[in-house]
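# Examination of the molecular architecture
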Amino acid sequence: MAKQSSIQKNLNRRNIVKKFNEKRQSIKKQIMKKDLPMEERFKMQSKLNELPRDSSKIRIRNRCKLTGRTRGVYRKFGLSRIKIRELSMSGALPGVVKSSW
């Protein structure tokens, strides 16, 4: 089980990303406009830099929904490889069976 503080920190980051997503996207669109002068684009870049660091999507870490484990997490299930194996062997994941050939 992961530390509760790291799980909570990641949840807070998700909330901050949701809060600032629209603002970040509008600023990024303005930065990408090639017809604007460079000085104007630099000003927009500094505005983007003034936003909280955790408002960037890249700061969110994939974590297992049950244990909080960060490594070996399958996006489709939102679970770590260990929990997928345990739940599939007990029959708790519908449609998942052990392969044999």
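What counts as what
Residues numbered from 1 in each chain as written. Predicted model: local features only at pLDDT ≥ 70, side-chain atom pairs only at ≥ 80, totals over all residues. Heavy atoms only, no water. Core = buried A, V, L, I, M, F, W, Y, C linked by side-chain atoms within 4.5 Å. Buried < 20%, exposed > 50% of the residue type's maximum accessible area, 1.4 Å probe, protein only. Helix = DSSP H or I, 4+ residues; strand = E, 2+ residues; numbered from the N terminus. Contact = heavy atoms within 4.5 Å. Polar contact = N/O pair within 3.5 Å; in protein donor to acceptor, adjacent residues only side chain to side chain.

## Here we look at the nonpolar core
Ranked by size, the top nonpolar core spans 6 residues in total: Phe-20, Ile-27, Ile-31, Met-44, Leu-48 and Leu-51. At 3 residues, the largest contribution of residues to this core is made by helix H1 (residues 4–32). Residues in contact with Ile-31, not counting those within four places in the same chain, are Arg-41, Met-44, Gln-45 and Leu-48.

## Let's talk about the environment of Gln-8
Checked against the element boundaries, Gln-8 lands in helix H1. For Gln-8, a relative accessible area of 43% gives the class partly exposed. The sequence separation of Gln-8 and Gly-68 amounts to 60 residues, and the corresponding C-alpha distance is 9.8 Å.

## Description of the side chain of Arg-13
Checked against the element boundaries, Arg-13 lands in helix H1. There is a polar contact of 3.2 Å between the side chain of Arg-13 and the side chain of Asp-54. Contacts of Arg-13, omitting those with residues within four sequence positions, involve Asp-54 and Arg-59.

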